[in-house]
Amino acid sequence: MELAPGAAEPFGTYVEAVQTAICFFEWGCSTEGHGAKFIGRFGAELDVEAGRAAARLAVLNGLAVARQHLGNARQSEADRPARVSVATSGDVRDQPKVADGASELLQDIFGKDKNPSRLVYGVASLPLGVPVELELIFEVSA
């Protein structure tokens, strides 16, 4: 199994995650720490396979932040809704295929019965030129 990289520092004046009594919310999980691995838009500079790889990396980066805040992210449940934003060009309609890269990795880690529902957005651009950005919600035990 892939190991999550170390959590990157936020790119601006914000926190990347907030925890309540039972949930851990993460916004803006992207494919980058402070070095560019994937830059571009799906359907222009990137194809489906590169988009799927970028989505997987966004999950790994999100898990690194969760691990930093929660300890072992495997003790949490990822069965809450996920939102996936995919930067696209033109008349691209295959954003769900890119988002499957994130969903499949979450399923591999947490189990098929804990695979989250999701909403996929196609957007014109994302911060720093990244192709994929996620919002993840984890239920945590008290």
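Residues numbered from 1 in each chain as written. Predicted model: local features only at pLDDT ≥ 70, side-chain atom pairs only at ≥ 80, totals over all residues. Heavy atoms only, no water.

Caption draft 1: Local environment of the overall build of the protein. Looking only at helices and strands, the protein features 2 helices and 5 strands. When the helices and strands of the protein are read in sequence order from the N terminus, they spell out β-β-α-β-α-β-β. The buried share of the protein, taken over its 142 residues, is 42%. Long-range contacts, defined as pairs at least 24 residues apart, comprise 81% of the intrachain contacts of the protein with a sequence gap of at least 6. Accessible surface, the protein as shown: approximately 7,300 Å² in total, 51% of it carbon and sulfur. (Helix = DSSP H or I, 4+ residues; strand = E, 2+ residues; numbered from the N terminus. Buried < 20%, exposed > 50% of the residue type's maximum accessible area, 1.4 Å probe, protein only. Contact = heavy atoms within 4.5 Å. Areas by Shrake-Rupley, 256 points an atom, 1.4 Å probe, with all protein chains shown as cover.)

Caption draft 2: Just empty space enclosed by the protein, in detail. Summed over the entire model, instances satisfying the criterion amount to 1 cavity of 30 Å³ or more. Its boundaries defined by the atoms lining it, the largest cavity holds a volume of some 40 Å³. Around the largest cavity sit Ala 82, Val 84, Ala 102, Ser 103, Leu 106, Pro 116, Arg 118, Leu 134 and Leu 136, which together line it. At the level of secondary structure, the elements contributing two or more residues to the lining of the largest cavity comprise strand E3 (82-87), helix H2 (95-110) and strand E5 (132-139). If you tally residues by element for the lining of the largest cavity, the top one is H2, at 3 residues. Residue composition of the lining of the largest cavity, by class: 7 nonpolar, 1 polar and 1 charged. (1 Å grid on protein atoms, 1.4 Å probe; cavity = no way out; pocket = protein on both sides within 12 Å on 5 of 7 lines; lining within 4 Å. Points joined across faces, edges and corners; volume = space filled by probe spheres on them. Nonpolar A, V, L, I, M, F, W, Y, C, P; charged D, E, K, R; others polar.)

Caption draft 3: The arrangement of unusual backbone geometry in detail. Unusually for a residue other than glycine, Leu 128 sits at a positive phi of about 60 degrees. Tracing the backbone shows Leu 128 in the loop between strand E4 (118-123) and E5.

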